[in-house]
Protein chains: 2
Amino acid sequence: MQNSKVAESIFSQHDHQHCIDQALAAAKELCRQRKSRLTPVRERVLELIWQSHLPLGAYQLLNQLSQEGFNSAPPTVYRALDFLLDHGLIHRIASLNAFIGCNCPQDQHHGYFLICRDCGSAQEIEAEEISSFLRQNASAAGFKVETETVELSGLCPQCQNRSQQDDQ
Amino acid sequence: MQNSKVAESIFSQHDHQHCIDQALAAAKELCRQRKSRLTPVRERVLELIWQSHLPLGAYQLLNQLSQEGFNSAPPTVYRALDFLLDHGLIHRIASLNAFIGCNCPQDQHHGYFLICRDCGSAQEIEAEEISSFLRQNASAAGFKVETETVELSGLCPQCQNRSQQDDQ
DNA sequence: TCCAAAACGCAATGTTATAACACAATTGTA
DNA sequence: TACAATTGTGTTATAACATTGCGTTTTGGA
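Just so it is clear, the model here is predicted, and its values are computed rather than measured. (Residues numbered from 1 in each chain as written. Chains lettered and ligands numbered in written order. Predicted model: local features only at pLDDT ≥ 70, side-chain atom pairs only at ≥ 80, totals over all residues. Heavy atoms only, no water.)

### A word on the protein's contact with DNA strand C
Taken together, 15 residues lie near DNA strand C, and Tyr59(A), Arg92(A), Thr39(B), Arg42(B) and Arg79(B) sit nearest. Restricting the count to atoms of DNA strand C within 4 Å of the protein gives a sugar and phosphate share of 56%. Within the side chain of Tyr78(A), one N or O atom sits 3.0 Å away from a phosphate oxygen of DNA strand C. Of all the secondary-structure elements, those providing two or more residues to the surface near DNA strand C are helix H4 (74–86) of chain A together with helix H2 (40–49) and helix H4 (74–86) of chain B. (Near = heavy atom within 4 Å. Polar contact = N/O pair within 3.5 Å; in protein donor to acceptor, adjacent residues only side chain to side chain. Helix = DSSP H or I, 4+ residues; strand = E, 2+ residues; numbered from the N terminus.)

### Remarks on the interface of chain B and chain A
Counting from both sides, the interface comprises 31 residues of chain B and, opposite them, 31 residues of chain A. Of the roughly 2800 Å² buried where chain B meets chain A, counting both sides, 63% is carbon and sulfur surface. Interface area lost by chain B to chain A is led by Phe133(B), Phe143(B) and Leu152(B), which between them contribute 21%. Across the chain B-chain A interface, the total number found is 2 salt bridges. One can count 12 residue pairs in polar contact (both at pLDDT 80 or more) joining chain B with chain A. Among the elements of the structure, strand E3 (112–116), helix H5 (128–139), strand E5 (144–155) and helix H6 (157–167) of chain B are those that each provide at least two residues to the side of chain B that touches chain A. (Contact = heavy atoms within 4.5 Å. Buried area = accessible area lost by both parts, 1.4 Å probe. Salt bridge = Lys/Arg side-chain N within 4 Å of Asp/Glu carboxyl O.)

### Considerations on the pairing of strand E2 (residues 98–101) of chain B
Residue and element names in this part refer to chain B. By the alternation rule, side chains of E2 split into Ala-98 and Ile-100 and Phe-99 and Gly-101, which are all buried. Pairing between strand E1 (residues 90–93) and E2: 4 bridges, direction antiparallel. The partner of Arg-92 across the bridge, within E2, is Phe-99. Counting the residues between successive antiparallel strands, the hairpin from E1 to E2 contains 4 residues, one of them, Asn-97, with a positive phi of roughly 50°. (Buried < 20%, exposed > 50% of the residue type's maximum accessible area, 1.4 Å probe, protein only. Pairing = 2+ DSSP bridges.)

### Regarding the packing of aromatic side chains
Residue and element names in this part refer to chain A. Under the criterion given, the structure shown has 5 aromatic pairs over all chains. Look at Tyr-59 and Tyr-78: their rings are 6.3 Å apart centre to centre, the planes differ by 65°, and that puts the pair in the edge-to-face class. In this pair, Tyr-59 is assigned in helix H3 (residues 58–67) and Tyr-78 in helix H4, connecting sequence segments 19 residues apart. Here Tyr-59 falls in the partly exposed class, since its relative accessible area comes to 48%. It is Arg-42 that lies over the ring of Phe-83; its NZ or CZ is 3.9 Å from the centre. (Phe/Tyr/Trp six-rings, centres within 6.5 Å; stacked < 30°, edge-to-face > 60°. Lys NZ or Arg CZ within 6 Å of the ring centre and 35° of its normal.)

### What to know about the side chain of Glu148(B)
For Glu148(B), the position within the fold is in strand E5. A polar atom in the side chain of Glu148(B) sits 3.0 Å from the side chain of Ser131(B). With sequence-adjacent residues up to four places away left out, Glu148(B) is seen in contact with Glu151(A), Leu152(A), His110(B), Tyr112(B), Ser131(B), Leu134(B) and Arg135(B).

### Comments concerning the protein's contact with DNA strand D
Not every one of the 16 residues close to DNA strand D is listed here, only the nearest: Thr39(A), Arg79(A), Arg37(B), Tyr59(B) and Arg92(B). For DNA strand D, the fraction of atoms within 4 Å of the protein that belong to sugar or phosphate moieties is 53%. Arg42(A) is positioned such that a nitrogen or oxygen atom in its side chain is 3.1 Å from a phosphate oxygen of DNA strand D. At 3.4 Å from a phosphate oxygen of DNA strand D is found a side-chain nitrogen or oxygen belonging to Asn71(A). Residue composition of the surface near DNA strand D, grouped by class: 7 nonpolar, 4 polar and 5 charged. (Nonpolar A, V, L, I, M, F, W, Y, C, P; charged D, E, K, R; others polar.)

### Section: H4(B)
All names here are of chain B. Across its 13 residues, H4 extends 18 Å between first and last C-alpha, which sits within 8% of the 18 Å expected from 1.5 Å per residue. For H4, the full list of buried residues reads Thr-76, Val-77, Ala-80, Leu-81, Phe-83 and Leu-84. Taken down its axis, H4 places every buried residue within 160° of arc, on the same side. In H4, the exposed positions angled more than 90 degrees off the buried face are occupied by Arg-79 and Asp-86. (Expected span 1.5 Å × (residues − 1). Arc of directions from axis to C-beta.)

### Quick look at the domain arrangement of chain A
Residues and elements named next belong to chain A. Segmenting chain A into domains produces domain 1 (13–103) and domain 2 (109–168). Each of domain 1 and domain 2 has a C-alpha centre, and the two are 21 Å apart. Here domain 1 meets domain 2 over a buried area of about 840 Å², counting both sides, of which 61% is carbon and sulfur. Among the elements that take part in the side of domain 1 that touches domain 2, strand E1 (residues 90–93) stands out by supplying 3 residues, more than any other. Per-class residue counts for the side of domain 1 that touches domain 2 are 7 nonpolar, 6 polar and 1 charged. (Domains from an automatic or database assignment.)

### Quick word on the nonpolar core
Within the largest apolar cluster, 36 residues are counted, with the highest numbers of intra-cluster contacts made by Leu134(A), Phe143(A), Leu134(B) and Phe143(B). Of all elements in the fold, only strand E3 (112–116), helix H5 (128–139) and strand E5 (144–155) of chain A together with E3, H5 and E5 of chain B reach the threshold of two or more residues within this core. Ignoring anything within four residues of it in the chain, the contact list for Phe143(A) reads Ala138(A), Phe11(B), Leu114(B), Ile115(B), Cys116(B), Leu152(B), Ser153(B), Gly154(B), Leu155(B), Cys156(B) and Gln160(B). (Core = buried A, V, L, I, M, F, W, Y, C linked by side-chain atoms within 4.5 Å.)

### Description of the sheet that holds E3(A)
Read from one edge to the other, the open sheet built from 6 strands follows the order E4(A)-E3(A)-E5(A)-E5(B)-E3(B)-E4(B), with strand pairing classed as mixed. Each of the sheet's edge strands pairs with one partner strand only, and the pair in question is strand E4 (122–124) of chain A together with strand E4 (122–124) of chain B. Within the sheet, the average angular offset between the axes of one strand and its neighbour, ignoring direction, is 20°. Bridge count between E3(B) and E5(B): 5 bridges; the pairing is parallel. Following the sheet pairing, Cys116(B) is matched in E5(B) by Gly154(B). (Axes fitted to C-alpha atoms, helices over the stretch in contact; angles between N-to-C directions.)

So, in structure tokens, the structure goes:
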């Protein structure tokens, strides 16, 4: 992930159509460069994932696909997800068994997530420092890290405010 | 987790019976203090989990239980696991859908794991610094962390050596 | 001894993910 | 263009993980 780029918080108001457009444009460009085929199912799955910042489960996606006339068997969506994962276009959130769009697929990286237990949205956060910190800790035990799963669950700023108001 | 106590590496040779004995003794003492009932199924599940440092899935445990004459329906093992989780006697590893014993259930804490993709064993590592580091990162985004999932997968020291030898 | 809470038995079902194999579309190459 | 190899998709079945609901039993305290 680029360190120069400070990710905009998804927890505040933002022009989400911009997120979608940017993600799809980046995906197309990436696949063009890599000579990979962003087929209709794959593109549509990516689009569906980007409809919100809520991680979506495979079967939620599958339902939507089938309503749109796509083939509705599990392998269809899992194959599309595998493709998108391989290309770094999405991340899998293990603690939710769900998938979320990645907004910087150009840079190979692990996803680090802040997941709000109230509104359900997941924000990917800056990675470099976390990664090097965790790897230092691991190497102290002689362990060579290959993949990292870091998922922090709690309350996002908006939901903290909301629950304070509810208390009054 | 106690900072004074440096966890012994499970990746090296060690007296595993000692791990088991200590874990069971700690569990009994904890349940006695809390007036919670460590029933036969619960104790046996804990014991089974501690047979190795490999995270075990619910259905692996269930198979073993049924071979020993326990009731073999899923709720049996999941209820036992819930009890053990509630008391901090085990941790759940989300990226594996599996469960592993905790060697310091006295201290409430999140589990941070080094998981070897080759031999499958999982080592819980020191937590305090990681936790505060991650929480700092999160609070920079105004996020209030409640639960943490940190699972690093890769190669343990022994398996690194083995794969080097294999290369020759 | 009686009651309420906790634990357990049991059947069914829900949710997530993969295997295996056949067929179709696409791409590179002669 | 023709052909072979690769890649992608359709389809059926099943594996793997987890929960719901309800009734019975056990347990510990009044």
